[in-house]
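Below are the chains, spelled out letter by letter.
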Amino acid sequence: MERNFAFADVSLPVPVDRCFTYRLPETLRHRVQPGCRLLVPFSTRKLAGVVLRLHNDPPDVEVRDVLRLLDAEPAFDDEMIGLARWVAGYYCAPLGEVLRSMAPISAEVRHGRIWALTQKGLDVTRQLGLDGQEADPAAAVLRSLEARPLAEATLERKIPGARKLLVSLERKGLVECEHSAGVRDPLRAPASKLFAEFARRPDADGKMPRAERELLAYLELHPGPHRLSDLERSVKGASQAGRALARKGFAHLRYDLATGDASWAHPRHALTGPQQRAFEAIRAALAARRFQALLLHGVTGSGKTEVYLNAIEAALELGRGALLMVPEIALTPAVAGQFHARFGDRVAILHSAFNDAERAEQWRRLRSGAARVGVGTRSAVFAPVRDLGLVIVDEEHDHSYKQEETPRYNGRDVAVLRAQRAGAVAVLGSATPSLESRYNADRGKYALLELPARIADRPMPSVQIVDMREEFLETRQSALFSRRLLESIAARLEAGEQTILLMNRRGFSSSVSCRSCGERLQCVNCAIGLTFHRRDNRLLCHYCNYAQRVPKVCPSCGSEYLYFLGSGSEKVEDELRRHFPQARLARLDRDTAAGRHQYERILGGFREGAFDILVGTQMIAKGHDIPNVTLVGVINADIGLSLPDFRAAERTFQLLTQVAGRAGRHHLPGQVVIQTNSPDHYAIRCAAAQDYAQFYQKELEFRRLMRYPPFCAMANVLIRAATQEAALRLSAEAAQQLGPGGAGIRILGPAEAPVPRLKNEYRYQILIKALSRPQLKDMLHALRRYSVEQKWPAAALVVDVDPMTLL
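Each chain carries its own residue numbering, running from 1 in the direction its sequence is written. Since the coordinates come from a predicted model, pLDDT governs what is reported: local features require at least 70, and pairs of side-chain atoms require 80 or more to be given and counted, while whole-chain, interface and lining totals use all residues. Computation of side-chain values covers all heavy atoms of the structure but excludes hydrogens and water.

Enquirer: I would appreciate a short explanation of the overall build of the protein chain in the present structure.
Expert: Strands are runs of DSSP state E lasting at least two residues, helices are runs of H or I lasting at least four, and both sets are numbered from the N terminus onward. Each helix and strand in the protein chain was counted, giving 24 helices and 34 strands. Note that the radius of gyration is over C-alpha atoms, with the globule rule given as 2.2 Å times the number of residues to the power 0.38. A compact globule built from 807 residues should have a C-alpha radius of gyration of about 28 Å, and the protein chain, at 29 Å, falls within 12% of that. Counting only C-alpha atoms and orienting by the principal axes, one finds that the protein chain spans roughly 80 × 70 × 65 Å. Remark: exposure states derive from per-residue accessible area (1.4 Å probe, protein chains only) relative to the maximum for the residue type, with buried under 20%, exposed over 50%, and partly exposed in between. By the burial criterion, 53% of the 807 residues in the protein chain qualify as buried. Pairs at least 24 apart in sequence give 74% of the contacts found in the protein chain among residues at least 6 apart. Looking at charge distribution, the protein chain has the averaged site of its 111 positive side-chain charges lying 1 Å from that of its 92 negative ones. Here a residue-residue contact requires only that any non-hydrogen atoms of the pair lie within 4.5 Å. The positive count covers Lys and Arg only, the negative count covers Asp and Glu only, and His and the chain ends enter neither. A single reference atom marks each charge: NZ on Lys, CZ on Arg, CG on Asp, CD on Glu.

Enquirer: Just checking my understanding: could you explain the sheet that holds strand E28 (residues 613-616) for this structure?
Expert: The strands that make up a sheet are held in pairs by hydrogen bonds between backbone atoms, and each pair lies either parallel or antiparallel. Strands pair, by our definition, only if DSSP identifies at least two bridges between them. Read from one edge to the other, the open sheet built from six strands follows the order E20-E30-E29-E21-E28-E27, with strand pairing classed as parallel. Of all the strands in the sheet, just strand E20 (462-467) and strand E27 (585-588) have a single pairing partner and so form its edges. When the angles between neighbouring strand axes are averaged without regard to direction, this sheet yields 15°. Of the pairings in the sheet, the one linking strand E29 (residues 629-634) to strand E30 (residues 671-676) comprises four bridges and is parallel in character. Of the residues in E30, the one forming a bridge with Val632 is Val672. Here an angle of 0 to 180 degrees is reported between the N-to-C directions of two axes, which are lines fitted to C-alpha atoms, with helices fitted over the stretch in contact. Lying on the sheet, helix H16 (residues 468-475) is in contact with E20 and E30; it crosses E20 at an angle near 60°.

Enquirer: So what exactly am I meant to see when it comes to the sheet that holds strand E33 (residues 761-770) here?
Expert: The antiparallel open sheet is built from four strands, whose spatial order is E32-E33-E31-E34. Of all strands in the sheet, those with a lone pairing partner are strand E32 (745-758) and strand E34 (797-801), marking the two edges. Along the sheet, successive strands turn relative to each other by an average axial angle of 20°, direction set aside. In this structure, strand E31 (residues 713-721) lies alongside E33, joined through nine bridges in antiparallel fashion. Across the sheet, Val717 pairs through a bridge with Ile766, a residue of E33.

Enquirer: Teacher, can you tell me more about the pairing of E31 here?
Expert: Regular strands show a simple pattern: their side chains alternate between the two faces of the sheet. Most of E31 sits inside the fold, with eight of its nine residues counted as buried. Pairing of E31 with E34, which is carried by five bridges, proceeds in the antiparallel orientation. Across the sheet, residue Ile719 finds its bridge partner in E34, namely Leu797.

Enquirer: Looking at this structure, I do not really get the packing of helix H4 (residues 137-147) against helix H6 (residues 162-171). What am I missing?
Expert: Helix packing geometry: the angle between the two helix axes and the distance between the axes. Where H4 meets H6, the closest approach of the two axes is 10 Å, and the angle between their N-to-C directions is 80°. Between H4 and H6, the angle falls in the class roughly perpendicular. Contacts from Pro137, Ala138, Val141, Leu142 and Leu145 in H4 reach Ala162, Leu165, Leu166 and Leu169 in H6. Three classes are used: nonpolar for Ala, Val, Leu, Ile, Met, Phe, Trp, Tyr, Cys and Pro, charged for Asp, Glu, Lys and Arg, and polar for all others, with Gly counted as polar. Of the residues that constitute the contact of H4 with H6, the class distribution is nine nonpolar, no polar and no charged. For classification, angles of less than 35 degrees are called roughly parallel, those exceeding 145 degrees roughly antiparallel, those between 65 and 115 degrees roughly perpendicular, and all remaining angles oblique.

Enquirer: Help me understand a nonpolar patch on the surface, please; the structure alone is not making it clear to me.
Expert: Here a patch means residues that are over 30% exposed by relative accessible area and free of salt bridges, tied together within 9 Å if like-charged and within 5 Å if nonpolar (Val, Leu, Ile, Met, Phe, Trp, Tyr). Only the protein chains shown count as covering a residue, and every accessible area follows the Shrake-Rupley method with a 1.4 Å probe. Here a salt bridge means any side-chain nitrogen of Lys or Arg lying within 4 Å of a carboxyl oxygen belonging to Asp or Glu. On the surface, Phe702, Leu705 and Met706 cluster together into a nonpolar patch covering about 300 Å² of accessible area. Here Leu705 falls in the exposed class, since its relative accessible area comes to 64%.

Enquirer: Got a minute to help me understand the packing of aromatic side chains in this structure?
Expert: Within 6.5 Å between ring centres, the rings of Phe, Tyr and Trp (the latter by its six-membered ring) count as paired, and their orientation is classed by plane angle as stacked under 30 degrees, edge-to-face over 60, tilted in between. This model, assessed by the stated rule, comprises 16 aromatic pairs. For the ring pair Phe653 and Phe695, a centre distance of 4.3 Å and an interplane angle of 5° mean the geometry is stacked. Of the two residues, Phe653 sits in helix H20 (residues 648-660) while Phe695 sits in helix H22 (residues 692-706), which places them 42 residues apart along the sequence. An identical accessibility class is assigned to Phe653 and Phe695; each is buried. Taking the centre distance of 6.3 Å and the plane angle of 35° together, the rings of Phe702 and Tyr708 count as tilted. Taken together through their ring pairs, the aromatic side chains of Phe653, Tyr682, Tyr692, Phe695 and Tyr696 make up a single cluster. The criterion for a charge sitting over a ring is simple: Lys NZ or Arg CZ within 6 Å of the ring centre, and within 35 degrees of the ring normal. Positioned above the aromatic ring of Tyr696, the side-chain terminus of Arg438 is 5.5 Å from the ring centre. Sitting above the plane of the Tyr708 ring, Lys769 keeps its charged end 3.8 Å from the centroid.

Enquirer: What am I meant to see in the packing of helix H1 (residues 78-90) against helix H14 (residues 411-422) here?
Expert: Across the interface, H1 lies against H14 with an axial gap of 11 Å and an inter-helix angle of 140°. Here H1 lies oblique to H14, going by the angle between them. With respect to the hand of their crossing, H1 and H14 are arranged in right-handed fashion. On H14, the residues that touch Glu79, Met80, Gly82, Leu83, Trp86 and Val87 of H1 are Val414, Leu417, Arg418, Arg421 and Ala422. Its residues assigned to classes, the contact of H1 with H14 comprises seven nonpolar, one polar and three charged. By the definition used in this description, the sense in which the near helix is turned from the far one sets the handedness, with an anticlockwise turn below a right angle giving left-handed and a clockwise turn giving right-handed.

Enquirer: I would appreciate a short explanation of the nonpolar core in the present structure.
Expert: Most often, soluble globular proteins keep nonpolar side chains buried together rather than apart. Judged by nonpolar contacts, the single largest core of 71 residues is most densely connected at Phe76, Phe382, Ile768 and Leu780. Element by element, the count of residues in this core is highest for H1, at seven residues. Sequence-distant contacts of Ile768, that is, excluding residues within four places in its chain, are made with Ala713, Met714, Ala715, Val717, Leu738, Ile745, Arg746, Ile747, Leu776 and Leu780. Put simply, a nonpolar core is a bunch of buried Ala, Val, Leu, Ile, Met, Phe, Trp, Tyr and Cys residues held in one set by side-chain atoms that sit within 4.5 Å of each other. Core analysis: the second largest hydrophobic core is formed by 40 residues, Leu435, Leu588, Ala593 and Ala649 among them.

Enquirer: In this structure, what is going on with the environment of Tyr561? I would like to understand it.
Expert: Secondary-structure assignment places Tyr561 in the loop between strand E25 (547-549) and strand E26 (562-565). What makes Tyr561 exposed here is its relative accessible area of 56%. Sequence separation between Tyr561 and Gly321 is 240 residues; the distance between their C-alpha atoms is 63 Å. Those residues in contact with Tyr561, other than ones at most four positions away along the chain, are Ser513, Cys514, Arg515 and Ser516.

Enquirer: Help me out: how do you make sense of the pattern of salt bridges in this one?
Expert: Between side chains of opposite charge, a pair can form as their charged atoms come close. The final tally for this structure, using the stated rule, is 47 salt bridges. The salt bridge involving Arg23 is made with Asp65; its shortest N-O contact spans 2.9 Å. Residue Arg23 is located in strand E2 (residues 20-23), and its partner Asp65 is located in strand E5 (residues 64-65); the two are separated by 42 residues in the primary sequence. With a shortest N-O distance of 3.6 Å, Arg538 and Asp536 are connected by a salt bridge.

Enquirer: Help me understand the pairing of E2 in this model?
Expert: Of the two faces of E2, only one is covered, namely that formed by Phe20 and Tyr22; the face formed by Thr21 and Arg23 stays uncovered. By the bridge criterion, four bridges tie strand E1 (residues 7-11) to E2 in an arrangement that is antiparallel. When the sheet's bridge partners are listed, Ala8 is paired in E2 with Tyr22. Taken together, the two bridges between E2 and E5 define a ladder with parallel strand orientation. Across the sheet, residue Tyr22 finds its bridge partner in E5, namely Arg64.

Enquirer: Got a minute to help me understand unusual backbone geometry in this structure?
Expert: Glycine aside, a negative phi is what most residues show, and trans is what most peptide bonds show. In this structure, Pro407 follows Thr406 across a cis peptide bond, with omega equal to 0°. For the bond from Pro709 to Pro710, the omega torsion is 15°, close enough to zero to count as cis. Here Pro710 shows up in the loop between H22 and E31. Although it is not a glycine, Asn760 adopts a positive phi angle of roughly 65°. Turning to its location among the elements, Asn760 is positioned in the loop between E32 and E33. Since its relative accessible area comes to 40%, Asn760 is described here as partly exposed.

Enquirer: Would you take a moment to explain the state of the cysteines for this structure?
Expert: Put plainly, a disulfide is one covalent bond tying together the sulfur atoms of two cysteines. Working definition: a disulfide is two cysteine sulfur atoms within 2.5 Å of each other. Under the counting rule described, the total for this entry stands at zero disulfides. Cys36 carries a free sulfur, and the closest cysteine sulfur to it, the one in Cys19, is 15 Å from it. Not part of a disulfide, Cys541 finds its nearest cysteine sulfur in Cys523, a span of 3.8 Å. On the basis of relative accessibility, which here comes to 0%, the residue Cys541 falls in the buried class.

Structure representation (structure tokens):
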């Protein structure tokens, strides 16, 4: 049927629960479809939004025109828009912000600001010219704008610091700003990142520049993709010629697919009995072509990845696509190497270490069907895999699947729902399943598959708990390492074996205080202590990244007697160098591995034997399979246990169990040494025994008594404001709006958040527990409507449904 609609309802990435209607120009009325993206004016800005509805019903208010169509075909189909609506409703998030987070193609729209002089600014500029004050930076900005309006980036290049000056000049009414937006040219990426491949010859013998003609002939004679920068050796001017040929349709250009390191891949092996039974259950579910959720509970080293690989092969044989989610960026190189070794170019990798253009390229490969297998982190749950038949969530318990900004969705739960809507099979895998997932298996919502032993019947590592209180009494020293751990490390160095040491805290010292007045040095933006990083000789806030030099005297009393408390991964590395000067050490945390390449370099070097000891935070705890690691040491197992969070024990058990599983995964036996001041805590005892069943029963009983998930639906309502008075007032209004609770509802608060000030915002929270999830959902949506009606600031109300942390 011919399309000829005059108006489009567009969902925009703004914190408002509504669509906006725009008029379609005549030239676009036959081309726009639901799911396409449009560039539209919004206030003084230009935003990219998604078309939800086309119609001929003129609204009662003045309508603005659409500026541009961004997609020749819809970026979102009906299934994905339906999923977005569910996420927006369940997690109480604006639909436009959900849609923006679902696709990595929003970066294709280039936003900027154009600055121009006001009449007042023009008068002042002329006066400045007469007085000869061009040396003043503010005057230089005004003089630059006298001839014509300029982009902010252009002004910043001409006059360093122009951005701050423009804000000040705008406040004085001398300049005004207009927001601009345009579409980025995808072919402007560096030549080293682009691959060229022959597409077709011109239909007619028209004139073509020599470089384009030679490059096209070369590509035709040498089939397959060629890196554009390498082609410069064969064809002069190949970089520009390749882009020109791509624009004309004679060549294909694509981004470097970053296929991962194949050295991570393990050779294919015959499945063990438990692996085969788990795979057969997944294959039977795939053959049934209906939704089924399965929980794959396998101990560390039991071969869950091989089950995943075989299940994906089975899905592909049935003509269906597959999606694998991993919890962190740190796991992706290992997973990518294995999956590319098995499936080649049918795999697309989606994670945040890629730049915007690379992510968009991978997303398009999945949407077009060129790739049938998607591998990525949390946001990969929205990957446009065609005919989705299998969704696998590896390490399903990991808290990084929960997004900590709007929309605050849990990637694991959305993955299960997406599989249900697609009639696909969902597989949740973990050595330490979350209580919610295991409880769902007990209730029959998920089928339970178990891998109870390691491959080839390799033994689990022996685990020793060292009570650091007794260690202090015996040695009279408050040491970082126990004698047993030092002896074990020395033995591994002597034998040529490798060691992993976990210290789940960054930096050198966790706090700095004054011995005279007791003042603790805190962040200027947050109610949190600063962490000392000795390598950079600075104090750093791990929440807002505020940094300052270490003061020579106490800022409060002027005393010179500052002392450093606590330990971090940097101090562990320093102490190790003192104890073992001959050892080759590496440290893996956010300070040493800020990006993908640093991470791969450090972990790859450790895997190849370039380092004897690897020190790190939780980045080293999960998913790594390094044959020569026979010792794992946990420096302080108590970190996290004392946090005011109902999941503290569960997270500690999971982390200790996972890191212990790095030892003895191949032919050499493994040993684990856990140092703690709480040796009798059930989380530490159960982790040492690798006894998930006992921990599950103890933690489940605690949750049942305290009415925490999975025995209730829960939401954390956070109120934020620039002043404490405003935060108190808004939190009191929220509490009044929510009411006292009632049957099946318990409301706790408002109270100060555990971190009462963060990034210059005061924070109060209200915790809601409900036996009925629909009742909870209605309360939260009513509160959001109230905040809009009362014109609260857009960022004042944060609703976190199914929170993973209460901090």
